[in-house]
Every structure is written in structure tokens, then in C-alpha cells.
Amino acid sequence: QKEVEQDPGPLSVPEGAIVSLNCTYSNSAFQYFMWYRQYSRKGPELLMYTYSSGNKEDGRFTAQVDKSSKYISLFIRDSQPSDSATYLCAMSATSGTYKYIFGTGTRLKVLA
Amino acid sequence: KAGVTQTPRYLIKTRGQQVTLSCSPISGHRSVSWYQQTPGQGLQFLFEYFSETQRNKGNFPGRFSGRQFSNSRSEMNVSTLELGDSALYLCASSFTGTSGGDTQYFGPGTRLTVL
């Protein structure tokens with residue numbers, strides 16, 4: 001079993017839809033949770049960063065962390081064709097030198 | 001502030017050859033990490049360097065090696081290339097690389113194709 005599981009998609013939604021992207025994990029030591037967006041032929045770009053449990057909102061994006069269920073989500077409101085990309089979740093432990101563990105990414109396509 | 005830069009952007013090599021990839025981190029960042037990205041396995045951690053020392057290592061064979069220079073620039077080397085080494089190699093930099101609170105910023109990657 002992988003430490004981080006993410007549905008690869010692809011996920012196709014109409015423009016304006018609310019998108020829900022999710023990851024589950026098995027390591028309870030993870031305390032930092034990130035979402036990256038990766039466009040084709042580009043490196044990942046940091047979208048959201050949260051510590052421990054709770055919600056964080058930034059414009060059309062909301063990140064949720066439920067540590068009790070070992071489950072994180074990224075919601076995109078009013079999705080746009082420009083949101084079409086692969087979304088990667090990443091996690092790291094709380095102390096010491098770290099390495100990120102990434103999900104395999106969910107490919108999202110927003111149809112105009 | 002300039003982002004993470006990687007050179008070259010594209011490389012084509014044949015089996016058995018070796019290759020060196022270069023990464024220049026964001027100015028002031030001292031930690032550089034390398035990742036391999038493939039469609040099947042996603043992003044996999046190769047190693048991390050801080051102040052010219054390898055601090056973390058992933059589960060890759062010894063053919064994969066790296067180093068970091070005093071100006072924090074880093075190079076990654078793959079010897080005796082295999083077809084399965086074809087991937088996007090990503091470099092990420094962060095300020096200290098310690099604790100999960102120090103976020104990583106990625107470069108555009110080097111696309112390596114092994115024929």
C-alpha cells in the first residue's frame with residue numbers, strides 16, 4: 001500500500017462546476033499538507049499549504065485536512081478551463097529533515 | 001525573484017550512457033531536492049542536499065548520484081542509463097529543508113529520454 005493514495009482521474013467537469021480532489025494517507029506523522037498544480041510540460045506549482053487539521057481558503061480554492069480520517073481535499077469553486085491541469089497532493093512529517101511524499105496526481109479537465 | 005532553473009530542458013541519450021542535470025535554486029535557498037516523475041509512479045524523491053551535504057536519500061540505485069556546490073547549485077548524475085530512466089527530473093529548492101513548514105518550489109524539469 002502506498003503512503004499516499006490519489007485517484008488519477010481523469011476528471012472532466014463543465015466550466016463553473018465545483019471540483020473536489022482528494023487524497024488519503026496512512027502515516028499519522030504527516031502534519032504538513034500541500035497541493036500543487038502542474039500544467040503539461042511544467043514543474044509543479046504550490047497552490048495551497050496547510051498545517052495539521054482544518055480548512056484554509058484562498059480565492060476559489062479551499063483545502064481541508066481531516067487527520068482523524070487521514071483524508072485531505074482540495075475544492076475548486078467556479079472552475080475555469082485554465083484550471084485544467086494535474087493536481088498533486090504532498091505531505092511531510094513535522095520535525096527533522098523532511099522529504100515530501102506525493103500522490104500520483106489527479107488529471108482535471110474543465111470543459112468550456 | 002528568479003525561480004528555480006534547470007538545464008537542459010530536454011535530453012535524449014542511449015542506454016549505457018551517463019547524463020548530468022543541473023539545478024540552480026532560488027536565491028537564498030540552501031536546500032535542493034531532486035525528484036523523478038513518471039506516469040506510472042508519479043513523483044518519487046531521489047535525494048536532498050543542504051550545505052553541500054546529502055541529507056536525505058530515496059530508494060534509488062547507486063547509479064543515481066548528486067552533489068551540491070558552495071553556491072547551492074546542484075547537479076544530478078545518472079550513470080549506465082536504462083530505458084526505465086526515461087522521466088521528467090524535477091529539482092525543488094527551499095530555504096532550510098527542515099521541518100514540514102518550509103515549502104518547496106519546483107523548477108520546470110529536465111525531460112530525459114533514453115533510447
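Notes on the structure in this doc start here. (Residues numbered from 1 in each chain as written. Chains lettered and ligands numbered in written order. Predicted model: local features only at pLDDT ≥ 70, side-chain atom pairs only at ≥ 80, totals over all residues. Heavy atoms only, no water.)

**What to know about the nonpolar core**
One broad rule of soluble globular proteins: the nonpolar side chains tend to lie buried together. Membership of the largest hydrophobic core comes to 24 residues, with the highest contact counts inside it found for Val4(A), Trp35(A), Ile72(A), Leu74(A), Tyr87(A) and Met91(A). For this core, the elements supplying multiple residues, two or more each, are strand 3 (19–25), strand 4 (30–38), strand 5 (45–51), strand 7 (61–66), strand 8 (71–76), strand 9 (85–93) and strand 11 (106–111) of chain A. Residue contacts for Ile72(A): discarding those within four places in its chain leaves Leu21(A), Asn22(A), Cys23(A), Tyr25(A), Phe33(A), Trp35(A), Gln64(A), Val65(A), Cys89(A) and Met91(A). Counting 21 residues, the second-largest nonpolar core is a separate cluster that includes Val32(B), Phe64(B), Met76(B) and Leu81(B). (Core = buried A, V, L, I, M, F, W, Y, C linked by side-chain atoms within 4.5 Å. Buried < 20%, exposed > 50% of the residue type's maximum accessible area, 1.4 Å probe, protein only. Helix = DSSP H or I, 4+ residues; strand = E, 2+ residues; numbered from the N terminus. Contact = heavy atoms within 4.5 Å.)

**A closer look at the interface of chain B and chain A**
Taken together, the contact pairs 27 residues of chain B with 21 residues of chain A. Between chain B and chain A, roughly 1,900 Å² of surface is buried when both sides are summed, and carbon and sulfur atoms account for 53% of that area. Applying the counting rule to chain B against chain A returns zero salt bridges. Our count for the chain B to chain A interface comes out at three residue pairs in polar contact (both at pLDDT 80 or more). (Buried area = accessible area lost by both parts, 1.4 Å probe. Salt bridge = Lys/Arg side-chain N within 4 Å of Asp/Glu carboxyl O. Polar contact = N/O pair within 3.5 Å; in protein donor to acceptor, adjacent residues only side chain to side chain.)

**Focus on the packing of aromatic side chains**
With the rule as written, the count across this model stands at 13 aromatic pairs over all chains. Their ring planes at 45 degrees and their centres at 5.3 Å tell us that Tyr25(A) and Phe33(A) sit as a pair that is tilted. Judged by its relative accessible area of 7%, Tyr25(A) is buried. Ring plane angle 65 degrees and centroid distance 5.2 Å describe the contact between Phe60(B) and Phe64(B), whose orientation is recorded as edge-to-face. Side by side, Phe60(B) and Phe64(B) carry an identical accessibility label, which is buried. (Phe/Tyr/Trp six-rings, centres within 6.5 Å; stacked < 30°, edge-to-face > 60°.)

**Structural notes on the environment of Val78(B)**
Residue position: Val78(B) is located in strand 8 (residues 74–78). In the structure, Val78(B) is positioned 28 residues away from Phe50(B) in sequence and 20 Å away in space, judged by C-alpha atoms.

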